[in-house]
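Report on the structure
Each chain is listed here by its residues.
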Amino acid sequence: MINIFNTKIIYFLIILILGLQIFIYFYNQNSLTKSFSQKNITVENFSSVVLSNSGITKIGSEKLNKIDDNKIYLEGESYLENKEYKIYGNNISINLIDEISSSEDSVKVINSMGTLKAKGFKNIDYDGKIIFFGEVEFVIDN
Amino acid sequence: MMVKLFFLEKLNLSLIIKTLYLFFFVIFFSNTNSESYVKAGESLIWDSENQSYTANGSVEFKNDEFVAFADRMIANYIKQDKDEIFTIVELFENVVIEFKDEIFRGNYAIYTRDDNIIKLTGNVSIESPTRLLKGNELIADIDNNKRILNSANNESLVEVLLENNADN
């Protein structure tokens, strides 16, 4: 009698644990903060290199979303790093064909002159220009 | 004896606190005074191909020599070894430059690092604690501590004695 009762409890616990696992699995499937019409590919804790006008740029983020062959979206904490600058920001869009990256979130940039903080940026790589938006503070190293 | 020791310890503690305070005070102010920066209210464009920075909207620029304010700024730089150094700084509209106890005002200013000269044009004024001079062009030679104020004609060169010097 006791054995049957124990077996039922064990079965119940196994089912409960499996149920919990299924719940956790589906609960962790966070939807993207931006929605895109095209089918995308998502990679977490991503880092890679991109060859552009300014040379080799290392990119990385918490989550990389490939929108299409030309566009990627770095979700969460992200960075772009090459021989001229290091850009640390959040939610950065990159157009590989136009060589433009941009973000509307706070950004911190370190280059050979100093450290810059701004509310957002647009990096036009083929033109060698980075436009920083909002209040900008650029502290120059002496 | 105990009282004497107590006061001696208190004195030592007080001295240590004052020394530490002085130490941190010197470090803090030596850092804040030597800090160079560019602040912009609207945007800043870094053009690495033309080696320039363009700042827009309530611009504030500070270097070792002066603090400048303007609506817009274009600063050109050169690369020396691994560092970038500003060589020419241009300021546009509502230009105010604070240099020690002097204030220069104008519509346009250009600072060249090589000769350490600031040149201002358009409704220029130079204000010191004792006087206010107005003209069309001001050349401030920082290294030689020389100021040249030019005007289109003699009438447009105005000298105003400020209140705190009027009694002398």
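Residues numbered from 1 in each chain as written. Chains lettered and ligands numbered in written order. Predicted model: local features only at pLDDT ≥ 70, side-chain atom pairs only at ≥ 80, totals over all residues. Heavy atoms only, no water.

Here the focus is a nonpolar patch on the surface. There is a patch of nonpolar side chains on the surface, built from F5(A), I9(A), F12(A), L13(A), L16(A), I17(A), L20(A), F23(A), I24(A) and Y27(A) and spanning about 1100 Å² of accessible area. Following the sequence through the fold, L20(A) ends up in helix 1 (residues 2-27). (Patch = residues over 30% accessible without salt bridge, like charges linked within 9 Å, V, L, I, M, F, W, Y side chains within 5 Å. Areas by Shrake-Rupley, 256 points an atom, 1.4 Å probe, with all protein chains shown as cover. Salt bridge = Lys/Arg side-chain N within 4 Å of Asp/Glu carboxyl O. Helix = DSSP H or I, 4+ residues; strand = E, 2+ residues; numbered from the N terminus.)

Take the confidence of the model for chain A next. Overall, the prediction assigns chain A a mean pLDDT of 85, with 87% of residues at 70 or greater. pLDDT under 50 marks residues 32-38 of chain A. Its contacts with residues more than four places away, or in other chains, come to 13 contacts. (pLDDT = per-residue confidence, 0-100. Contact = heavy atoms within 4.5 Å.)

Time to look at the pattern of salt bridges. In total, this model carries 7 salt bridges over all chains according to the counting rule given. Residues E84(A) and K79(B) are paired through a salt bridge, measuring 3.7 Å at the closest nitrogen-oxygen approach. Of this pair, E84(A) sits in the loop between strand 3 (71-81) and strand 4 (85-95) while K79(B) sits in strand 4 (residues 67-80), placing the two residues on different chains. Between K129(A) and D127(A) there is a salt bridge whose closest N-O contact spans 4.0 Å. K129(A) gets classed as partly exposed once you look at its relative accessible area, which sits at 27%. (Buried < 20%, exposed > 50% of the residue type's maximum accessible area, 1.4 Å probe, protein only.)

With that settled, consider the environment of F132(A). Here F132(A) is to be found in strand 9 (residues 129-133). Setting aside residues up to four positions removed in sequence, F132(A) forms contacts with V107(A), V109(A), L116(A), A118(A), G120(A), F121(A), E42(B), S43(B), L44(B) and W46(B).

Once that is clear, we can look at the packing of aromatic side chains. A ring pair, where both rings are aromatic, is described by two values, the distance of the centres and the angle of the planes. Counted according to the given criterion, the structure contains 10 aromatic pairs over all chains. Seen from their ring centres, Y53(B) and Y77(B) are 5.4 Å apart, and the 45 degrees between their planes marks the pair as tilted. Linking Y53(B) in strand 3 (residues 52-62) with Y77(B) in strand 4, this pair joins segments that are 24 residues apart in sequence. Judged by centre distance (5.0 Å) and plane angle (80 degrees), the rings of F66(B) and Y111(B) are edge-to-face. Here F66(B) is found in the loop between strand 3 and strand 4, whereas its partner Y111(B) is found in strand 6 (residues 102-112), with 45 residues between them in sequence. No difference in accessibility class separates F66(B) from Y111(B), as the two residues are buried. Ring pairing ties together the aromatic residues Y85(A), F138(A), W46(B), Y53(B), F61(B), F66(B), Y77(B), F86(B) and Y111(B), which thus form one cluster. Here K39(B) stacks its cationic end above the ring of Y37(B), 4.7 Å away from the centre of that ring. (Phe/Tyr/Trp six-rings, centres within 6.5 Å; stacked < 30°, edge-to-face > 60°. Lys NZ or Arg CZ within 6 Å of the ring centre and 35° of its normal.)

Should pLDDT be low for a region, the predicted coordinates there are not to be read in detail. Chain-level statistics for chain B give a pLDDT mean of 83 and a share of 72% at 70 or above. Here residues 26-32 of chain B scores under 50 on pLDDT; set against residues more than four positions off or in separate chains, the count is 1 contact.

Attention shifts here to the pairing of strand 10 (residues 136-140) of chain A. By the alternation rule, side chains of strand 10 of chain A split into V136(A), F138(A) and I140(A), which are all buried, and E137(A) and V139(A), of which none is buried. Here strand 7 (residues 114-118) of chain A runs beside strand 10 of chain A; their pairing, made up of 4 bridges, is antiparallel. In the strand pairing of strand 10 of chain A, G114(A) is matched with I140(A). Across 5 bridges, the pairing between strand 10 of chain A and strand 1 (residues 36-40) of chain B is antiparallel. Following the sheet pairing, I140(A) is matched in strand 1 of chain B by S36(B). (Pairing = 2+ DSSP bridges.)

On to the interface of chain A and chain B. Chain A puts 23 residues into the contact, and the matching count from chain B is 25 residues. For the pair chain A and chain B, the summed buried surface comes to about 2000 Å²; carbon and sulfur atoms form 52% of the total. Counting across the interface, chain A meets chain B through 2 salt bridges. The salt bridge involving K39(B) is made with E137(A); its shortest N-O contact spans 3.9 Å. (Buried area = accessible area lost by both parts, 1.4 Å probe.)

Turning our eyes to something else, we now look at a negative patch on the surface. Residue and element names in this part refer to chain B. On the surface, a cluster of negative charge is made up of D64, E65, D114, D115 and D143. In this structure, D115 sits in the loop between strand 6 and strand 7 (117-127). You can call D115 partly exposed: its relative accessible area is 37%. (Lys, Arg positive; Asp, Glu negative; His and termini not counted. Charge placed at Lys NZ, Arg CZ, Asp CG, Glu CD.)

Attention now goes to the nonpolar core. Ranked by size, the top nonpolar core spans 51 residues in total, and within it F132(A), F86(B) and I97(B) carry the most contacts. At 6 residues, the largest contribution of residues to this core is made by strand 5 (residues 83-99) of chain B. When neighbours within four sequence positions are excluded, I97(B) is seen to be in contact with F66(B), V67(B), A68(B), L91(B), E102(B), I103(B), F104(B), A109(B), I118(B) and L120(B). (Core = buried A, V, L, I, M, F, W, Y, C linked by side-chain atoms within 4.5 Å.)

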